[in-house]
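Chain by chain, the residues:
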Amino acid sequence: MALNIQKDIIIFDGECNLCNGVVGWLMNFAPKDHFQFVAFQSTYGQSLLSEHGFETDRLDTVILIDEKGVNTHSDGFIRIISKMPKWKLVASLLAFIPRMIRDYIYKTASRNRVKWFGQSNSCTIDFN
């Protein structure tokens, strides 16, 4: 399903320290104005989740919405880093790992992210 969007949208858990760290890293190193970052707890995040058939009470994966559709779990992560010129080779190498193995690792990290990295009461990323 091809979508007509201005920027690639990344939906993430705005209260997860790991997620905020990755988004902060992307904000520093991704091509400027390529991504729109949306915390799933926000009104817009809730709207996007509903529109694309996701639960709105929790988020267990990063979600990338781009011109080719919706990408989640390891596929979403690989598509995100593939859009960064200096990381295209890493994305290509990761794509060779079978999805079942990639998603097992991704889901294990997702399940344990708060225990390993902590949680804040609000999004720590300043979008201004």
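Computed from a predicted structure; not experimentally measured.

Conventions adopted
Residues numbered from 1 in each chain as written. Predicted model: local features only at pLDDT ≥ 70, side-chain atom pairs only at ≥ 80, totals over all residues. Heavy atoms only, no water. Bend = angle between axes of the 7 residues up to and from the residue. Helix = DSSP H or I, 4+ residues; strand = E, 2+ residues; numbered from the N terminus. Buried < 20%, exposed > 50% of the residue type's maximum accessible area, 1.4 Å probe, protein only. Contact = heavy atoms within 4.5 Å. Phe/Tyr/Trp six-rings, centres within 6.5 Å; stacked < 30°, edge-to-face > 60°. Core = buried A, V, L, I, M, F, W, Y, C linked by side-chain atoms within 4.5 Å. Axes fitted to C-alpha atoms, helices over the stretch in contact; angles between N-to-C directions. Parallel < 35°, antiparallel > 145°, perpendicular 65-115°, else oblique. Left-handed = near helix turned anticlockwise from the far one by under 90°. Nonpolar A, V, L, I, M, F, W, Y, C, P; charged D, E, K, R; others polar.

### Some thoughts on helix 5 (residues 99–117)
Piece 1. The axis of helix 5 is deflected most strongly, by about 50°, at arginine 111.
Piece 2. Taken residue by residue, helix 5 has Arg102, Asp103, Tyr106, Ser110, Asn112 and Arg113 as its buried positions.
Piece 3. Looking at the buried positions of helix 5, the neighbouring elements they touch are helix 1 (17–29), helix 3 (73–82) and helix 4 (88–95).
Piece 4. Within two residues after helix 5, glycine 118 carries a phi angle of roughly 90°, on the positive side.

### A few points about the packing of aromatic side chains
Piece 1. All told, the structure shown has three aromatic pairs when counted by the stated rule.
Piece 2. Seen in terms of ring centroids, tryptophan 25 and tryptophan 87 are 5.1 Å apart; in terms of plane orientation they differ by 85°. Their pairing is edge-to-face. Taken together, the residues span a long stretch of sequence, with tryptophan 25 in helix 1 and tryptophan 87 in the loop between helix 3 and helix 4 at a distance of 62 residues.
Piece 3. What makes tryptophan 25 partly exposed here is its relative accessible area of 27%.
Piece 4. For tryptophan 87, a relative accessible area of 33% puts it in the partly exposed group.
Piece 5. Consider the rings of phenylalanine 35 and phenylalanine 37, whose centres lie 6.0 Å apart with planes at 50°: the pair is tilted. Neither residue differs from the other here; phenylalanine 35 and phenylalanine 37 are each classed as buried.
Piece 6. Among the aromatic residues, those joined into a ring-pair cluster are Trp25, Phe29 and Trp87.

### With respect to the nonpolar core
Piece 1. Counting residues in hydrophobic clusters, the biggest one holds 15 residues, and the most contacted among them are Ile10, Phe12, Leu26, Phe35, Phe37 and Ile80.
Piece 2. Counting residues per element, the ones that place at least two in this core are strand 1 (8–12), helix 1 and strand 2 (35–39).

### Focus: the packing of helix 3 against helix 4
Any two packed helices are characterised by how steeply their axes cross, that is the angle between the axes, and by the distance between the axes.
Piece 1. The interhelical angle for the contact between helix 3 and helix 4, taken along N-to-C directions, is 155°, at an axis separation of 8 Å. Relative to helix 4, the element helix 3 lies roughly antiparallel. The interaxial crossing formed by helix 3 with helix 4 has left-handed handedness. Contacts between helix 3 and helix 4 involve Phe77, Ile78, Ile81 and Ser82 on the former and, on the latter, Lys88, Val90, Ala91, Leu94 and Ala95.
Piece 2. Residues belonging to the contact of helix 3 with helix 4 are distributed by class as follows: seven nonpolar, one polar and one charged.

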